[in-house]
Amino acid sequence: MEEQKSFSQRVKETVIQCAYSYKHYYVEYEYLLCSQAFEKNEYYIVSAHEDNYLHLTGLHTNLDATSFFEKCYGGTLEETDFDFCKRGQNESEVKGSVRRKISALENINNFFAQNLYIEEGFRKNKVSCVIATSDNKITIGFSDGMYSRPKTLLKGNMLNMSTNQIDLILSKEKKDKTFNKIEYGNEEILSYYHKDIYHLISKNLI
């Protein structure tokens, strides 16, 4: 009979497995988002760093955020590297939150290559984000600034305005200067937003 894995072991294996997708889909790329629902900005640029990964797991660790990701990506993370202890929450509450986040984490791959819902000024419990996006399976909230960085990950669609959609999503590798691929949308939609983003997109894309 196969030995049943502990919760900590399942968590460890999931964050190690998902670190590869996070690195190659988020850290190495940037995404340009356009929507008629935007009121505060003409567009948003999503750009993730390795140290944003810890926020998405809900775990507590004594490692710094970059070291945590490196151990996940390298497959060397140990169960002793993290715990479920957070100020103001009992262990059961933290484990429940981690369980939902780990389930959502498995759905982050190719997130921006599909129809997405969007909300500016997103708030959930104590977390506030400049924008949050959802595909109805998961919700990712992003921080404010020149670049929007992943700040929180939730299971399901947690948006208050779940009818607002993203019209256009462009991508580029971080090493590239301009956005050069349409992930979602088409040339007609790109033409509509051209006046706002022409300085950010490749001439070849036009």
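Right above here is the structure, for reference.
Along every chain, residues carry numbers that run from 1 in the direction the sequence is written. Local features in a predicted model are, by the rule used here, given only for residues with pLDDT of at least 70; side-chain atom pairs are given and counted only at 80 or more, and totals for whole chains, interfaces and linings are based on all residues. The side-chain quantities take in all heavy atoms of the structure and omit both hydrogens and water.

## Here's the deal with the packing of helix H1 (residues 7–27) against helix H4 (residues 91–105)
Working step 1: Following both chains from N to C, one finds H1 and H4 inclined at 35 degrees, their axes separated by 10 Å at the closest point. Read as a crossing pair, H1 and H4 show a hand that is left-handed. Every residue of H4 that contacts H1 at Phe 7, Val 11, Thr 14, Val 15 and Cys 18 is listed here: Lys 95, Val 98, Arg 99, Ile 102 and Leu 105.
Working step 2: Charged means Asp, Glu, Lys or Arg here, nonpolar means Ala, Val, Leu, Ile, Met, Phe, Trp, Tyr, Cys or Pro, and polar covers whatever is left, Gly included. A per-class count over the contact of H1 with H4 returns seven nonpolar, one polar and two charged. Axis angles are defined between N-to-C directions and span 0 to 180 degrees, where every axis is a line fitted to C-alpha atoms and, for a helix, only to the segment in contact. Working definition: helices are DSSP H or I runs of at least four residues, strands are E runs of at least two. Numbering for both runs from the N terminus. Two helices that cross are described as forming a left-handed crossing if the nearer one is turned anticlockwise from the farther one by less than a right angle, and a right-handed crossing if clockwise. Should any heavy atoms of two residues lie within 4.5 Å, those residues are counted as being in contact.

## Regarding unusual backbone geometry
Working step 1: Of note in this structure, Asn 110 is not a glycine but carries a positive phi near 55 degrees.
Working step 2: With respect to the element layout, Asn 110 can be found in the loop between H4 and strand E3 (117–124).
Working step 3: Only protein chains enter the area calculation, which uses a 1.4 Å probe; residues under 20% of their type maximum are buried, those over 50% are exposed, and those in between are partly exposed. Exposure remark for Asn 110: the relative accessible area of 44% places this residue in the partly exposed category.
Working step 4: Within the chain, Asn 125 stands out as a residue other than glycine whose phi angle is a positive 55 degrees.
Working step 5: The topology assignment puts Asn 125 in the loop between E3 and strand E4 (127–134).

## Observations regarding the sheet that holds strand E2 (residues 44–47)
Working step 1: By this definition, two strands are paired if DSSP reports at least two bridges between them. The four strands are arranged E2-E1-E7-E8 in an open sheet whose pairing can be described as antiparallel. If you trace the sheet from one side to the other, it starts and ends with E2 and strand E8 (181–184), each paired once. On average, adjacent strands in this sheet sit at an angle of 30 degrees to one another, irrespective of strand direction.
Working step 2: In the sheet, strand E1 (residues 29–34) pairs with E2 via four bridges, with the strands oriented antiparallel. Each bridged residue has a counterpart across the sheet, and for Leu 32 the counterpart in E2 is Ile 45.
Working step 3: Relative to strand E7 (residues 168–173), helix H5 (residues 187–197) is tilted by about 75 degrees, and along the sheet it contacts E1, E7 and E8.

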